[in-house]
Amino acid sequence: MSKESTKLVEVPGGVIPERDAGAPPVLEVRHLGIDFGGLTAVDDFNFIIGRTEIGGLIGPNGAGKTTIFNLLTNVYQPTRGHILVNGVDTRGKKTYEVNRMGIARTFQNIRLFKALPVLDNVLIGMHNAMTYRLGASVLRLPSFWKQERAARSRALELLSIFGMQDLADVPAGGLPYGAQRRLEIVRALASGPKVLLLDEPAAGMNPSETAELMENIRKIRDTFQIAVILIEHDMNLVMGICEGIAVLNYGQIIAKGTPQEIRTDPVVIEAYLGKKGGAAGC
Ligand SMILES: Nc1ncnc2c1ncn2[C@@H]1O[C@H](COP(=O)(O)OP(=O)(O)OP(=O)(O)O)[C@@H](O)[C@H]1O
């Protein structure tokens, strides 16, 4: 698998790819933390991501990775700290408002409307971004149909990224597993995000599907000029595609850096892999 080697440069708040350094980071997380009763699931999490960066969030089971996605999308409200999307604090916003601000995600466990056609699943993802008024929708005014037609053709265009346009009328639940995962990504893209959060996108995929996914994630970044953050246990994928990686253990960042830096960091080898000198999987 080809490996991308990106130069990261220091900017206020952290490091981002050199090519993104001319603009403020699209996402900035400052001293983020959340407690569940007596359990501190995430603590003092600091992170920035460049506008077209592919970033990785890795760590052992239970380290707090999905909790961070839930915080970034306001499924959970933080106990401490701030999340800024394009410089705007998301505190107190609803999940759909955060989506409109530019954050979209997929889930670890596939969450599609399985009885609905593939196309409808994408249209649902797009709905949050549509602007016609309720009256236009109820009365089926021309403005409603115009937006619906545009949405349909956009949805087909998005499906074509994964070569899925011919499956538009198939019930989502009838797709093979790998295709359902791809559809989840298309649905998240449909809202026009600036940052796409992928929670274990390669889970359950075979090596050739994973290799194809890697190419498609790059294609999405290049086509839409957006940032992507992925949580992933498949180290070939993480090391092959991510430009910056943060390693989490017990809710705290223990290392940040390029794939090469992470792969050889003794703290990561010790804590994440649980053994010394065993970075083979990394
Ligand atoms: N709603 C919640 N209530 C109580 N505890 C929670 C809640 N959500 C997460 N946790 C706890 O927070 C910790 C971090 O969980 P999280 O799911 O974020 O880990 P993870 O790194 O994504 O793990 P995995 O790789 O297994 O998915 C765990 O101890 C988990 O039990």
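Structure: see above.
Now for a look at the structure at hand. It should be emphasised that the depicted structure is a prediction, and the values quoted were computed from it without experimental measurement.

Here is what the cut-offs are and how they apply
- Residues numbered from 1 in each chain as written.
- Predicted model: local features only at pLDDT ≥ 70, side-chain atom pairs only at ≥ 80, totals over all residues.
- Heavy atoms only, no water.
- Phe/Tyr/Trp six-rings, centres within 6.5 Å; stacked < 30°, edge-to-face > 60°.
- Helix = DSSP H or I, 4+ residues; strand = E, 2+ residues; numbered from the N terminus.
- Pairing = 2+ DSSP bridges.
- Core = buried A, V, L, I, M, F, W, Y, C linked by side-chain atoms within 4.5 Å.
- Buried < 20%, exposed > 50% of the residue type's maximum accessible area, 1.4 Å probe, protein only.
- Domains from an automatic or database assignment.
- Contact = heavy atoms within 4.5 Å.
- Axes fitted to C-alpha atoms, helices over the stretch in contact; angles between N-to-C directions.

1. Structural notes on the packing of aromatic side chains
- A complete count under the given rule lists two aromatic pairs for this structure.
- Ring geometry for phenylalanine 36 versus tyrosine 76: centroids 5.2 Å apart, planes at 75°, classification edge-to-face. In this pair, phenylalanine 36 sits in strand S3 (residues 27-36) while tyrosine 76 sits in the loop between helix H1 (65-72) and strand S6 (80-85), placing the two residues 40 residues apart along the sequence.
- On the numbers, 5.6 Å between centres and 20° between planes, the contact of phenylalanine 45 with phenylalanine 47 is stacked.

2. Considerations on the pairing of strand S1 (residues 8-11)
- Where S1 meets strand S2 (residues 14-17), four bridges bridge the pair, whose relative direction is antiparallel. Its bridge partner lying in S2, leucine 8 is registered against proline 17.
- A loop of two residues connects S1 with S2, the two strands running antiparallel in sequence, and glycine 13 in this loop sits at a positive phi of about 100°.

3. Section: the nonpolar core
- Counting residues in each nonpolar core, the largest one holds 49 residues, and the members touching the most others are Val122, Leu159, Leu183, Leu196 and Leu230.
- The leading source of residues in this core is helix H6 (residues 177-189), at six residues.
- A domain-level breakdown of this core finds at least three residues from each of domain 1 (1-102 + 193-282) and domain 2 (112-191).
- For valine 122, the residues in contact, after removing those within four places along its chain, are Ala155, Leu158, Leu159, Leu183, Val186, Arg187 and Ala190.
- Of all hydrophobic cores here, the second largest spans 28 residues; its members include Val26, Ile49, Ile68 and Ile103.

4. Re the sheet that holds S3
- In space, the four strands of this open sheet follow the order S4-S3-S6-S7, with antiparallel pairing throughout. Each end of this open sheet is capped by a strand with a single partner; those strands are strand S4 (39-49) and strand S7 (88-89).
- Pairing of S3 with S6 involves five bridges; the strand directions are antiparallel. Its bridge partner being in S6, valine 29 is matched across the sheet by isoleucine 83.
- Each of S3, S4 and S6 is contacted by H1, which is oriented at about 115° to S3, the strand it contacts most.

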